[in-house]
Amino acid sequence: MSQDGQTTQETDVQPEEDLSWVFGYNSSLAVHSLMDGEDRVLLYISSHTVVIHDILRNRQFHLQEQPTQKGHTNVISCLCVSEDKRWVATADKGPDALIIVWDSYSGVPVRTIFESHSEDGVCAIAISQDAKYLVTISAAAVQEVCVWRWTLPTGKPMCSTELKPEFGYQDDSGLQYGAPFLSNQTFKCLVGQFSQSVFHVNNTQALTGTSAGKLVVWDMDSPRTLPEELPAKPHGVTATKVVSLQKESLTVLTVLESCIVTGDVKGQVKFYDGQLRLLTIYSHDKVGPIQSISFSTILRDRPSALPGSSQPFLTRNFILSTSDATMFHVATDSTSFERIMTEAKKAVNAIACHPREPLVAVGSHCGLLKVWDYKQTQYLISRIFTEAGIQCLSYDPEGHFLAAGFTDGSVYILDAISLQSICEEFQFSQGPVTHISFSHDSKYIATADENYSVTVYKRVLQNGSRCWEHLAGLDSHYKPIRSILFGVHSDSNEPRLLSLGEDRQLVEYDLKSSIKDHLVVTHRDRLEQVAVPLCLTWYPQLSTESFFLTANNCYKMKLYNTTTKMCRKTLLGPTYGSPLEKIQILPRTSSADPQQHYLVYITKDKVGLQMLPVDGNPHKSSAFICHPDGASDFAISHDGRYIFTAGGKERTFMKWKVNLHTLNAAAFLGGEDLIPFYNLLDGGREGKFFRLAFNSNLIDMAELEDYFYYVQLCSQGIKTLETRQVSTHIALEEIPSVMRAIGFYPSEEEIEDMINEVKFSKYADTGEEVTKINLDDFIKLYINHRPALGLSMKTIQRAFQVLGYDNKKGDKVIDRGDFLSLLQCRGEQMTEDELAECLTTLLGRRPRKERSELDTYDPTGAAALIEEEIPAEITAEIFVADILGLPIAEPEKKEHKEKEESLIYKGTESSDH
């Protein structure tokens with residue numbers, strides 16, 4: 001993906017910028033004016049990105065990660081700007097939190113401070129008047145204040161202290177602070193909660209605004225003025241008076257030249273002189289609670305509003321931002337309020353692209369629905385729904401209608417241009433509508449809701465106009481519905497509807513046979529055994545066989561035959577920290593290779609592209625952080641050139657330009673055949689596993705080849721005297737044995753999927769079944785089917801949490817009898833002999849006589865051995881170390897929040913297990 005947006009000035013930023021445009025901003029943080037004269041250049045925060053937005057020229061420039069410079073990977077939590085508007089400091093909260101100082105003139109990060117507050121990151125930041133120092137406050141439970149000389153190369157603060165609950169001072173060599181006492185009884189008046197504090201223009205006093213409309217005046221004590229009997233407190237602070245300015249709560253307090261400026265919950269901006277005498281007021285009935293005030297750098301003369309005063313005061317135009325996500329430009333020479341931006345003030349979860357025009361519709365939980373022309377980046381029309389929040393959106397295939405699902409379960413069908421309702425809203429869902437979609441012919445609309453129900457609406461004619469009416473609904477699943485998908489029956493061109501749930505059920509409906517209040521189900525298929533399917537889409541017709549594609553929470557993608565629902569292929573999906581949440585096929589662009597197809601996906605916090613066909617090659621996918629706090633949905637432009645991601649509670653959505661050439665180049669450089677898969681093996685190409693198992697050019701016989709030859713010996717007879725028929729293939733029935741020999745222990749269902757995958761790989765083309773597999777195909781089969789992240793100790797412990805109980809020591813344990821019973825009665829049940837053979841083998845005490853390994857197992861003595869070796873109460877650690885015989889690794893510090901730690905060695909290659 002590459003940048004498509006324009007910038008506010010000439011810079012040296014690399015062209016690999018990914019982001020094209022950011023819509024929306026974090027309205028809980030300040031908006032800063034970078035403008036001179038009549039310009040409208042703003043700086044604000046959107047998710048993990050600093051945006052410089054030239055309103056009049058309709059341009060954006062993004063301060064974000066550079067090719068040689070790490071950027072924020074968490075949502076930015078605070079920012080500050082120097083007085084000359086050149087230096088911008090930002091910080092975030094969470095793992096790998098950073099403090100970054102940017103040059104707003106060039107857009108380049110000039111200083112990055114790592115591990116400033118390693119536990120929880122930064123919640124507040126400020127810059128000194130001379131721009132040499134930064135002050136940060138940590139987000140930890142016990143907060144730490146640090147002062148940084150950011151222009152120096154050291155990564156340590158000049159001084160720091162913890163803000164402990166009790167009063168006190170640190171030692172004289174460090175940072176000192178005071179916590180002066182003030183209550184309603186101090187001055188016999190209601191003080192209210194503190195909102196913001198600044199130093200008075202005289203620098204000997206400090207001022208604090210409160211929620212009761214008061215201004216607290218603090219005197220900064222000097223050691224020279226303290227009584228001799230008191231110890232010197234060089235930074236003592238005493239409240240000297242409380243000034244009642246107004247009834248409304250003060251939300252903003254700042255200083256401009258010789259003026260003290262306040263903002264309040266009614267949207268009023270007031271200027272006072274140093275004696276707190278009112279100079280002038282700016283107000284407008286459309287302005288909500290003020291979040292920040294930022295002044296331009298150009299001074300303007302304005303006559304004083306005080307009666308009888310002949311002294312004008314100098315002021316500047318300023319930008320107001322409000323807590324309801326609106327920005328205003330205020331011209332002080334005319335007192336005019338110009339609304340320059342109105343964005344969502346609650347979560348943005350709904351997004352849809354028009355099927356024929358460059359339009360994108362976005363809905364928010366605050367009820368705001370907006371339509372943008374994304375090529376011109378211009379807002380076109382909006383509508384506010386006051387009854388409920390918008391949860392999902394969908395255009396019909398012709399682009400005439402826009403369907404919206406709401407948090408109260410209602411469904412609206414709107415005209416796509418005017419956004420006016422074409423019929424009465426529907427109210428048939430008992431919970432928030434999570435999915436909404438049109439059939440290919442617009443004959444049906446289907447929705448899914450949080451109560452696990454699917455509801456279908458059917459098109460009718462009313463007074464000669466198209467409309468829809470409720471057909472039927474059904475509680476199709478017993479866990480959350482992840483996808484609803486319309487398709488087309490190949491033999492009739494009639495709509496086909498499927499739903500996929502976290503209950504692992506794929507449900508197909510018979511729309512033609514469904515009647516009023518009765519939705520007919522034709523098939524229910526369980527797609528997964530253990531993993532949870534998360535998303536579903538139709539797969540492009542790349543062969544004679546038709547498939548749909550799913551992705552699950554174990555980083556696997558699976559192809560299923562659209563008719564038989566048989567799993568035809570299991571493949572390793574993108575592994576970028578979290579599983580794929582939603583997927584769509586990228587529409588074909590006019591310049592794209594007609595033989596090449598791509599998949600677009602989002603994970604918890606990233607947006608990515610995957611080349612098709614999917615084959616497990618890691619170089620054929622890429623991903624970028626789009627919304628660190630969670631991507632809620634995405635949409636693709638009709639021409640396949642742009643992807644739009646919705647940021648949920650971040651209240652933003654982003655536009656990305658697709659650059660297929662970059663992904664194609666990465667795939668090409670990754671190599672062909674088996675080369676891309678080498679790094680997926682433990683140790684890579686030079687590691688032990690590869691060198692022993694996959695490099696046939698070595699003098700020593702490769703271990704995997706040994707297994708291949710061994711199973712051939714067994715199939716031909718160990719003691720035969722006939723001439724051996726040596727081959728590079730093994731029979732499909734031997735796949736499980738070789739997989740187990742190299743450390744992967746599939747379930748019986750996984751074994752069936754693997755064998756069927758190979759057996760029917762050519763059936764659609766040739767009508768013949770495959771009966772054997774070669775070494776190269778086996779390697780790919782192994783990589784694609786084995787667990788993507790290995791066996792985690794946390795997974796074992798979670799199982800013990802569910803199946804076990806707390807013993808007298810407080811450990812979570814499973815009774816030995818219950819353990820043996822579970823293995824024989826639940827899941828893929830083992831027979832008593834199978835269990836005995838398995839456990840005695842694992843415990844290293846398998847009875848042996850003078851016989852071949854292929855002889856029948858004799859269970860004599862197995863019960864006594866199991867009782868002797870396995871304790872009556874089994875913990876997760878005993879199960880892993882003593883029964884499975886696997887080493888438990890020590891937990892290592894996570895380098896990135898998205899990397900799940902695998903504590904059990906996943907590459908066990910002992911054939912004894």
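Only a predicted model underlies this, so the values are computations on that prediction, with no experimental measurement involved.

A separate point is the overall build of the protein chain. Each helix and strand in the protein chain was counted, giving 12 helices and 56 strands. A burial count over the protein chain gives 51% of its 913 residues as buried. When contacts within the protein chain are restricted to residue pairs at least 6 apart in sequence, long-range pairs at least 24 apart make up 48% of them. Carbon and sulfur atoms make up 49% of the accessible area of the protein chain, which amounts to about 43500 Å² in all.

Time to look at the sheet that holds strand β32 (residues 411-415). Strand order across the open sheet formed by 3 strands is β30-β31-β32, with antiparallel pairing between neighbours. Sheet topology places β30 (390-395) and β32 at the edges, where each strand pairs with a single neighbour. The sheet shows a mean angle of 25 degrees between the axes of neighbouring strands, direction not considered. The pairing of strand β31 (residues 401-406) with β32 spans 5 bridges and is antiparallel.

For the coordinates displayed, the defined rule picks out 29 aromatic pairs. On the numbers, 6.1 Å between centres and 85 degrees between planes, the contact of Phe194 with Trp218 is edge-to-face. Remark: Trp218 occurs in strand β16 (residues 214-220) and Phe194 occurs in strand β14 (residues 194-199); sequence separation between them is 24 residues. Exposure remark for Phe194: the relative accessible area of 47% places this residue in the partly exposed category. Ring plane angle 55 degrees and centroid distance 5.0 Å describe the contact between Tyr374 and Phe644, whose orientation is recorded as tilted. Within this pair, whereas Tyr374 is found in the loop between β28 (368-373) and β29 (378-384), its partner Phe644 is found in strand β50 (residues 642-646), the two being separated by 270 residues in sequence. For Tyr374, a relative accessible area of 0% gives the class buried. Among the aromatic side chains, those forming a connected cluster through ring pairs are Trp21, Phe23, Trp372, Tyr379 and Phe653.

In terms of nonpolar packing, the biggest core is built from 32 residues, with Leu42, Tyr44, Met327 and Ile643 touching the most fellow members. If you list the elements that add at least two residues to this core, you get β1 (19-23), β3 (41-46), β25 (336-342), β46 (597-602), β47 (606-612), β49 (633-636), β51 (653-657) and α1 (660-669). Ranked by size, the runner-up nonpolar core spans 30 residues in total, among them Leu681, Phe708, Ile742 and Leu775.

This part takes up the confidence of the model for the protein chain. Summary statistics for the protein chain give a mean pLDDT of 84 and a share of 85% for residues scoring 70 or more. Segment residues 167-174: pLDDT under 50, and 13 contacts once partners within four positions in sequence are set aside and those in other chains are kept. Segment residues 892-913 is flagged for pLDDT under 50; beyond a separation of four residues in sequence, or across chains, it makes 64 contacts in the model.

What follows is about the packing of helix α8 (residues 793-803) against helix α12 (residues 876-883). Following both chains from N to C, one finds α8 and α12 inclined at 125 degrees, their axes separated by 9 Å at the closest point. When the axis of α8 is compared with that of α12, the two are oblique. For the pair α8 and α12, contact is made by Met793, Ile796, Gln797 and Phe800 and by Ala876, Glu877, Phe879 and Val880, respectively. Considered class by class, the residues forming the contact of α8 with α12 number 6 nonpolar, 1 polar and 1 charged.

Below, the discussion takes up the pattern of salt bridges. Where charged atoms from two side chains of opposite charge approach closely, those side chains can pair. What the rule picks out here adds up to 23 salt bridges. Close ionic contact of Asp54 with Arg59 constitutes a salt bridge, the shortest N to O distance being 3.5 Å. On the basis of relative accessible area, Asp54 is assigned to the buried category, the value being 2%. A salt bridge links Glu398 to Arg356; the nearest nitrogen and oxygen atoms lie 2.7 Å apart. Of this pair, Glu398 sits in the loop between β30 and β31 while Arg356 is found in the loop between β26 (348-353) and β27 (359-364), placing the two residues 42 residues apart along the sequence.

Moving on, we come to the pairing of strand β9 (residues 108-114). By the bridge criterion, 6 bridges tie strand β8 (residues 98-103) to β9 in an arrangement that is antiparallel. By the bridge assignment for β9, Ile100 is matched with Thr112. In textbook terms, the turn of a hairpin is the stretch between consecutive antiparallel strands, and for β8 and β9 this stretch comprises 4 residues, one of which, Gly107, has a positive phi near 80 degrees.

Below, the discussion takes up a negative patch on the surface. Taken together, the side chains of Glu387, Asp408, Glu424 and Glu425 define an acidic patch exposed on the protein surface. Take Glu424: it is sitting in the loop between β32 and β33 (433-438).

For the rest of this paragraph, the subject is the environment of Glu733. Locating Glu733 in the fold gives a position in the loop between β52 (729-731) and α4 (735-741). You can call Glu733 exposed: its relative accessible area is 57%. For the pair Glu733 and Lys772, spaced 39 residues apart in sequence, the C-alpha to C-alpha distance is 8.5 Å.

The strand order β54-β55-β56 describes an open sheet built from 3 strands, whose pairing is antiparallel. Each edge of the open sheet carries a strand with a single partner, namely β54 (805-806) and β56 (873-874).

Quick look at the state of the cysteines now. In the structure shown here, the tally under the stated rule is 0 disulfides. Its sulfur unpaired, Cys123 is 6.8 Å from the next cysteine sulfur, which belongs to Cys78. Here Cys467 is not disulfide-linked; the sulfur of Cys423 is the nearest cysteine sulfur, at 3.0 Å.

Here we come to the pairing of β14. The sheet contact formed by β14 and strand β15 (residues 205-210) spans 5 bridges and is antiparallel. By the bridge assignment for β15, Gln196 is matched with Gly209. The hairpin turn running from β14 into β15, its antiparallel successor, is 5 residues long, and Asn203 in that turn takes a positive phi close to 65 degrees.

Below, the discussion takes up the environment of Asp503. In this fold, Asp503 is placed in the loop between β38 (495-501) and β39 (505-515). For Asp503, a relative accessible area of 3% puts it in the buried group. Expressed as a C-alpha distance, the spacing of Asp503 and Pro533, which sit 30 residues apart in the sequence, is 8.4 Å. Among the polar contacts listed, one links the side chain of Asp503 to the backbone nitrogen of Tyr478, at a separation of 3.2 Å.

Analysis parameters
- Residues numbered from 1 in each chain as written.
- Predicted model: local features only at pLDDT ≥ 70, side-chain atom pairs only at ≥ 80, totals over all residues.
- Heavy atoms only, no water.
- Helix = DSSP H or I, 4+ residues; strand = E, 2+ residues; numbered from the N terminus.
- Buried < 20%, exposed > 50% of the residue type's maximum accessible area, 1.4 Å probe, protein only.
- Contact = heavy atoms within 4.5 Å.
- Areas by Shrake-Rupley, 256 points an atom, 1.4 Å probe, with all protein chains shown as cover.
- Pairing = 2+ DSSP bridges.
- Axes fitted to C-alpha atoms, helices over the stretch in contact; angles between N-to-C directions.
- Phe/Tyr/Trp six-rings, centres within 6.5 Å; stacked < 30°, edge-to-face > 60°.
- Core = buried A, V, L, I, M, F, W, Y, C linked by side-chain atoms within 4.5 Å.
- pLDDT = per-residue confidence, 0-100.
- Parallel < 35°, antiparallel > 145°, perpendicular 65-115°, else oblique.
- Nonpolar A, V, L, I, M, F, W, Y, C, P; charged D, E, K, R; others polar.
- Salt bridge = Lys/Arg side-chain N within 4 Å of Asp/Glu carboxyl O.
- Patch = residues over 30% accessible without salt bridge, like charges linked within 9 Å, V, L, I, M, F, W, Y side chains within 5 Å.
- Lys, Arg positive; Asp, Glu negative; His and termini not counted.
- Charge placed at Lys NZ, Arg CZ, Asp CG, Glu CD.
- Disulfide = S-S within 2.5 Å.
- Polar contact = N/O pair within 3.5 Å; in protein donor to acceptor, adjacent residues only side chain to side chain.

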